[in-house]
Amino acid sequence: MIQNVGNHLRRGLASVFSSRTSRKSASRAGNDSAMADGEGYRNPTEVQMSQLVLPCHTNQRGELSVGQLLKWIDTTACLSAERHAGCPCVTASMDDIYFEHTISVGQVVNIKAKVNRAFNSSMEVGIQVASEDLCSEKQWNVCKALATFVAHREITKVKLKQITPRTEEEKMEHSVAAERRRMRLVYADTIKDLLANCAIQDDLESRDCSHMVPAEKTRVESVELVLPPHANHQGNTFGGQIMAWMENVATIAARRLCCAHPTLKAIEMFHFRGPSQVGDRLVLKAIVNNAFKHSMEVGVCVEAYRQQAETHRRHINSAFMTFVVLDADDQPQLLPWIRPQPGDGERRYREASARRKIRLDRKYIVSCKQTEVPLSVPWDPSNQVYLSYNNVSSLRMLVAKDNWVLSSEINQVRLYTLEDDKFLSFHMEMVVHVDAAQAFLLLSDLRRRPEWDKHYRSVELVQQVDEDDAIYHVTSPALGGHTKPQDFVILASRRKPCDNGDPYVIALRSVTLPTHQETPEYRRGETLCSGFCFWREGDQLTKVSYYNQATPGVLNYVTTNVAGLSSEFYTTFKACEQFLLDNRNDLAPSLQTL
């Protein structure tokens, strides 16, 4: 439907769109194109590594050991971070990694890493891994990874210079990196709260104990002595080396359960809690926490000590890895059940079930492309952090696109359009004489939106999730010839600027709540991606931008306004400006908290 409307717009409204001008001036667009898209441009932090997979790099299946791959990934990412920082860097964390393809002996591994964004002393580094068969010239995507590195100097405190993104992809990654950083900082507490409050169901009592493998049979403990080849020039153990040792003991534990050759499919997000140096003894412990139908979770813990007589061991890292066993056709095989030990074993067993659910939510909501996310995703405590992340990051990615086209301008209110990924999006923009923080606070409370937007007939606050996220039930008058009014269940996520130059953000998207099901009285509407951005242009001067990715339910209404056959967009946006001007002095106490 959307594609047909797009074709109709291109044919029937040619006279309207033929006079549209680019959002940027022609000279600036030309310069950006030459710098960002030309053959001569290369991200200054980009580092590439290509490795030929030799027999010494492979496991018993003749495939590249994931431990070896993790070492190469960590090295490439570290070199990229150090290229930007100009000083030594250490691995602080690694986000979820999903391995999509195995790599065979004789193939080539191509790894590319670049810094997406720099903060005060830490950086997010994006890594792409592909494999290449030199004989058939085929290539496969293996995995993508996001690592956080911290710059470290012995004497002075590090203050990293900011990244200047140039291409559309770089702008998107730079913008979303701030939201990913926010999610990482609360990750440990989020998982802890979910495990404490999640109702975990298991079928321990109903399983046939005669066909179970005792969890204790899978327990592995191994010690490694950190030598100079395992460390960087400052004597700190390479994060990739620790990850490789962790993968080794996890594989042994998994193999003890299945009595076959397991394949590592995923590593859950983890953080390095402290450094390890040359001379440390690292004790690595692994055990299968739970076995599901076709996969198993293995928990790994790393502790360090200097001398055998030491009673206190430093906790370096913990991680959870998911393994499968593949048959000759690369299909996952059934796995035996696990019988946990009473006490801690049963706790780990039940927590693994909860983590599996959380992991699926995170992969589904965070990792998939925006066009693959359904309009309304069910809201519950196990996915609220990831839905909030997806809400804000989707808007930031929409804002970062550089092919917006100016359709019209009336009294300094500009309307831009974008046809991309089978969606028609529009963007309204104006400059108001109100402070950015004031505008942000006034528009972030959707209960006040009916004061200026006639499309919002009533707004009810359903749930104040936290300081930055809230769920509203919105009713709207009928649109596009429909007789029934509409209602929406909307997640509103607001974010303050992370750095100078960042905007204030209010992101909106539809969610599903069991307490607010669709009723005969209303026609349930949905919004995929919409919201406001506020840029401070000067003292008491703010650029206000509203973005909306049109869904089929409002497409006809949107195209009518885009084509200039209606002025409701303009009228509504001017009413928003007047609302901000009339109420700009109402929030003086609240502004002190921003």
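Basis of the calculations
- Residues numbered from 1 in each chain as written.
- Predicted model: local features only at pLDDT ≥ 70, side-chain atom pairs only at ≥ 80, totals over all residues.
- Heavy atoms only, no water.
- UniProt positions renumbered as here; feature names shortened; annotations may be inferred.
- Patch = residues over 30% accessible without salt bridge, like charges linked within 9 Å, V, L, I, M, F, W, Y side chains within 5 Å.
- Areas by Shrake-Rupley, 256 points an atom, 1.4 Å probe, with all protein chains shown as cover.
- Salt bridge = Lys/Arg side-chain N within 4 Å of Asp/Glu carboxyl O.
- Helix = DSSP H or I, 4+ residues; strand = E, 2+ residues; numbered from the N terminus.
- Buried < 20%, exposed > 50% of the residue type's maximum accessible area, 1.4 Å probe, protein only.
- Pairing = 2+ DSSP bridges.
- Contact = heavy atoms within 4.5 Å.
- Axes fitted to C-alpha atoms, helices over the stretch in contact; angles between N-to-C directions.
- Polar contact = N/O pair within 3.5 Å; in protein donor to acceptor, adjacent residues only side chain to side chain.
- Core = buried A, V, L, I, M, F, W, Y, C linked by side-chain atoms within 4.5 Å.
- Parallel < 35°, antiparallel > 145°, perpendicular 65-115°, else oblique.
- Left-handed = near helix turned anticlockwise from the far one by under 90°.
- Nonpolar A, V, L, I, M, F, W, Y, C, P; charged D, E, K, R; others polar.
- Expected span 1.5 Å × (residues − 1).
- Arc of directions from axis to C-beta.
- Phe/Tyr/Trp six-rings, centres within 6.5 Å; stacked < 30°, edge-to-face > 60°.
- Lys NZ or Arg CZ within 6 Å of the ring centre and 35° of its normal.

In the nomenclature of an unreviewed UniProt entry, the protein is known as Acyl-coenzyme A thioesterase 11 of Rhinopithecus roxellana. The annotation that UniProt attaches to the protein under Pathway (unreviewed entry) is "Lipid metabolism; fatty acid metabolism." Taken verbatim from the UniProt record of the protein, the Function (unreviewed entry) comment is "Has an acyl-CoA thioesterase activity with a preference for the long chain fatty acyl-CoA thioesters hexadecanoyl-CoA/palmitoyl-CoA and tetradecanoyl-CoA/myristoyl-CoA which are the main substrates in the mitochondrial beta-oxidation pathway."

> Go over a nonpolar patch on the surface, please, and point to the residues and values.
A cluster of nonpolar side chains, Leu52, Leu54 and Leu134, forms an exposed patch at the surface whose accessible area comes to about 260 Å². With respect to the helices and strands, the residue Leu52 is situated in strand S2 (residues 47-52). Relative accessible area serves as the criterion here: at 42%, Leu52 is assigned to the partly exposed category.

> Now, about the sheet that holds strand S11 (residues 270-271): what can you tell me, with residues and values included?
Strand pairing in a sheet takes place through backbone hydrogen bonds and is either antiparallel or parallel in direction. Taken together, six strands build an open sheet; the order of strands is S2-S5-S6-S7-S3-S11 and the sheet is antiparallel. The two strands at the open ends of the sheet, each matched to only one other strand, are S2 and S11. Here strand S3 (residues 89-94) runs beside strand S7 (residues 139-151); their pairing, made up of five bridges, is antiparallel. Paired with Thr91 across the two strands is Phe149, which belongs to S7. Across the sheet, helix H5 (residues 168-185) is in contact with S3, strand S5 (108-118), strand S6 (122-132), S7 and S11; its angle to S5 comes to roughly 75 degrees.

> Give a detailed account of the environment of Asn43, specifying residues and quantitative values.
Within the secondary structure, Asn43 is located in the loop between helix H3 (26-37) and S2. Relative accessible area serves as the criterion here: at 8%, Asn43 is assigned to the buried category. Note: C-alpha distance between Asn43 and Pro165 (122 residues apart in sequence) is 8.6 Å. Residues contacting Asn43, with those up to four places away along its chain left out, are Lys114 and Glu170. A distance of 3.0 Å separates a polar atom in the side chain of Asn43 from a polar atom in the side chain of Glu170.

> Account for the pairing of strand S13 (residues 296-305), naming residues and giving values.
Burial analysis of S13 places nine of its 10 residues in the buried class, which makes it a mostly covered element. Bridging between strand S12 (residues 281-291) and S13 involves 10 bridges; their strand directions are antiparallel. Counted as the bridge partner of Ala286 is Val300 from S13.

> Describe the side chain of Ser407, and please don't skip the residues or the numbers.
Take Ser407: it is sitting in strand S17 (residues 405-410). Judged by its relative accessible area of 13%, Ser407 is buried. In this structure the side chain of Ser407 is engaged in a polar contact, spanning 3.2 Å, whose partner is the side chain of Thr417.

> So what's going on with the nonpolar core? Which residues, and what values?
If you look at the biggest cluster of nonpolar residues, it comprises 73 residues, and the most contacted ones within it are Met123, Ile127, Met296 and Val298. With 10 residues, the top contributor of residues to this core is helix H7 (residues 239-258). The contacts of Val298, once residues within four sequence positions are left out, are Ala250, Ala253, Ala254, Ala286, Ile287, Val288, Asn289, Ala319, Phe320, Met321 and Phe323. Of all hydrophobic cores here, the second largest spans 36 residues; its members include Phe440, Leu441, Phe532 and Cys576.

> Pulling in residues and values, what's your account of unusual backbone geometry?
The residue Asn411 is not glycine, and still its phi comes out positive at about 50 degrees. You can call Asn411 exposed: its relative accessible area is 58%.

> Got a sec to walk through the packing of helix H4 (residues 66-85) against H7? Specific residues and values, please.
Packing of H4 against H7 leaves a shortest axis separation of 8 Å and a crossing angle of 165 degrees. Classified by the angle their axes make, H4 and H7 are roughly antiparallel. The element H4 and its partner H7 pack so that their crossing is right-handed. Note on element contacts: H7 touches H4 through Gly239, Gly240, Gln241, Met243, Ala244 and Glu247, opposite Val66, Gly67, Leu70, Lys71 and Asp74. Considered class by class, the residues forming the contact of H4 with H7 number four nonpolar, four polar and three charged.

> Explain the sheet that holds S12 to me, and be specific about the residues and the numbers.
What the six strands build is an open sheet, ordered S4-S10-S14-S13-S12-S9; its pairing is antiparallel. Looking at strand neighbours, the two that pair on one side only are strand S4 (97-98) and strand S9 (220-225), the edges of this open sheet. The pairing of S4 with strand S10 (residues 262-267) spans two bridges and is antiparallel. Residue Tyr98 lies in a different strand from S10, and its bridge partner there is Ala266. Strands S9, S10, S12, S13 and strand S14 (314-325) of the sheet are contacted by H7, whose axis makes an angle of about 40 degrees with S12.

> Hey, could you go over helix H12 (residues 568-583) for me, with residue numbers and the actual values?
Compared with the 22 Å implied by 1.5 Å per residue over 16 residues, the 22 Å span of H12 between its first and last C-alpha is a close match. All of the buried residues in H12 are Phe569, Thr572, Phe573, Cys576, Glu577, Phe579, Leu580 and Asn583. Along H12, the residues classed as buried sweep out an arc of 160 degrees about the axis, all on the same side.

> So what about the packing of aromatic side chains? Which residues, and what values?
Evaluation of the coordinates by the stated rule reveals nine aromatic pairs. Ring centres 4.9 Å apart and planes at 35 degrees place the aromatic pair Phe440 and Tyr504 in the tilted group. With Phe440 in helix H10 (residues 436-444) and Tyr504 in strand S23 (residues 504-512), this pair connects stretches of sequence that are 64 residues apart. Comparing Phe440 with Tyr504, the two get one shared label, buried. In this structure an aromatic cluster arises from ring pairing among Phe426, Phe440, Trp452, Tyr504, Phe532, Phe534, Tyr546 and Phe569. Sitting over the ring of Phe119, Arg181 keeps its end group 4.5 Å from the ring centre.

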